[in-house]
Amino acid sequence: MSAISNLAYVVFKASDLAQWRSFAENILGLQVGDFSADALSLRMDEFAQRIILERGAEDDLSAAGWQFDTAQDLSQFVDSLRSKGVAVSTGDVPTVQSRKVEALFHCEDPNGFRHEFVFGPQYGLISKPFHSPLLCGDGFETGKLGVGHLLTVARDYAASVKFYTEVLGLKISDYIRDAETFPGVTVDATFMHSKTGRHHSLATAFMPSPKRLNHLMIEVKNFNDVGLAYDRVLKAGLPVIFTPGHHPNDHMYSFYVLTPSGFGLEYGWGGVVIDDHDWSVKNFSKLSDWGHKFAMPGAPDA
Ligand SMILES: [Fe+2]
């Protein structure tokens, strides 16, 4: 079966696009692509857009955009899904245009999230290259690794993992089962990667979370950009979810900030890239080696 290359883009429904624009430009160091009363697109690299925000009251994940290398790969993948009985629809013209891709199909997962399968993403004009006045390093870690990763909150954990691995065809990276971070709650998480090997493009977990999406992770190429972004978060007085820390599985050094939509954004550096020829699946007993102190109001010792 042809395989998903990477997570090319994400789509959110957001109630306050102006607040998101300020958050993206002034805190995260992203660049605005298009901005209208109904939509905001954000750039991280040479792509015309990587994060799409559509006006909507949900303030949650709307769609994950999975990229295929060729039209043939995409076609074969869609055929294989349909042969398994998965209801896959062809994207309508407005959706294809808003995603700025050549072709698009979509289906829903057991959690109600929409997965879009695409090829041919639009690149930005050479006259308008990606530029962030805030980043000290060489931008965001994207390229063949994609936009970053998503952690969805599973309604049915077993069914979700089964769908993401057997239908989407993602491969298991590892597992974390943590009984310490949230008092009285055991977090059970499965991490999965696509062909190009970002440690996980998608993870799903049984865990406390105000939204169906727990967080989006974006990664910078320079370690110092994590610290500089954390300083901007503190200076702006934005809610920190987890203080800086280090994950044992993907080796990400990161912090988590609350977005204007109420889900988290992990801002990280140093994530592992998996080579399937030299990878063995492990399980871990803690979400973090150190740091990542839960800092939201109401948290123990917050
Ligand atoms: Fe993460």
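Structure: above.
## Remarks on the layout of surface pockets
Logical step 1: Roughly 460 Å³ of volume is contained in the largest pocket.
Logical step 2: If you trace the largest pocket, you find 33 residues lining it, with Thr181, Phe242, Leu287, Ser288 and His292 closest to the centre.
Logical step 3: Residue assignment for the lining of the largest pocket shows that the elements contributing at least two residues are strand E9 (149-153), strand E10 (171-182), strand E11 (185-193), strand E12 (202-206), strand E13 (213-219) and strand E18 (290-291).
Logical step 4: Residue contributions to the lining of the largest pocket peak at 4 residues, all from E10.
Logical step 5: In terms of residue class, the lining of the largest pocket is made up of 15 nonpolar, 10 polar and 8 charged.
Logical step 6: The computed volume of the second largest pocket comes to approximately 220 Å³.
Logical step 7: As for the second largest pocket, its lining consists of 18 residues, of which Ser209, Pro210, Asn214, Ile241 and Phe294 are closest to the centre.
Logical step 8: Elements that contribute at least two residues to the lining of the second largest pocket include exactly E13, strand E14 (240-246) and strand E15 (253-258).
Logical step 9: The dominant element in the lining of the second largest pocket, judged by the number of residues it contributes, is E13, at 3 residues.

## Things to note about the coordination of the iron ion
Logical step 1: Those protein atoms acting as donors to the iron ion are His149 (NE2), His215 (NE2) and Glu266 (OE), and they sit at 2.0 to 2.2 Å.
Logical step 2: Within one chain, the residues donating to the iron ion are spaced in sequence as H-x65-H-x50-E. Of this pair, His215 sits in strand E13 while Glu266 is found in strand E16 (residues 264-269), placing the two residues 51 residues apart along the sequence.
Logical step 3: The class for His215 is buried, based on a relative accessible area of 4%.
Logical step 4: Classification of Glu266 by relative accessible area gives buried; the value is 1%.

## Quick word on the sheet that holds E14
Logical step 1: On the basis of which strands lie adjacent, the open sheet formed by 10 strands has the order E17-E10-E11-E12-E9-E13-E16-E15-E14-E18 and mixed pairing. This sheet does not close on itself; its edge strands, each paired only once, are strand E17 (282-284) and E18.
Logical step 2: Alignment of E10 against E11, held across 8 bridges, turns out to be antiparallel. Residue pairing across strands places Asp174 opposite Phe191, the latter belonging to E11.
Logical step 3: Lying on the sheet, helix H4 (residues 157-167) is in contact with E9, E10, E11 and E12; it crosses E12 at an angle near 170 degrees.
Logical step 4: The sheet contacts of helix H5 (residues 223-236) involve E14, E15 and E16, and relative to E15 the element is tilted by about 25 degrees.

## Concerning the pairing of E14
Logical step 1: Most of E14 is tucked away, with 6 of its 7 residues classed as buried.
Logical step 2: Count of turn residues in the E14/E15 antiparallel hairpin: 6 residues, of which His251 carries a positive phi of about 60 degrees.
Logical step 3: Two elements, E14 and E18, share 2 bridges in a ladder whose sense is antiparallel. Bridging from a neighbouring strand, His246 pairs with Trp290 of E18.

About the cut-offs
Residues numbered from 1 in each chain as written. Predicted model: local features only at pLDDT ≥ 70, side-chain atom pairs only at ≥ 80, totals over all residues. Heavy atoms only, no water. 1 Å grid on protein atoms, 1.4 Å probe; cavity = no way out; pocket = protein on both sides within 12 Å on 5 of 7 lines; lining within 4 Å. Points joined across faces, edges and corners; volume = space filled by probe spheres on them. Helix = DSSP H or I, 4+ residues; strand = E, 2+ residues; numbered from the N terminus. Nonpolar A, V, L, I, M, F, W, Y, C, P; charged D, E, K, R; others polar. Donors = N, O, S within 2.8 Å, 3.2 Å for Na, K, Ca; no water. Buried < 20%, exposed > 50% of the residue type's maximum accessible area, 1.4 Å probe, protein only. Pairing = 2+ DSSP bridges. Contact = heavy atoms within 4.5 Å. Axes fitted to C-alpha atoms, helices over the stretch in contact; angles between N-to-C directions.

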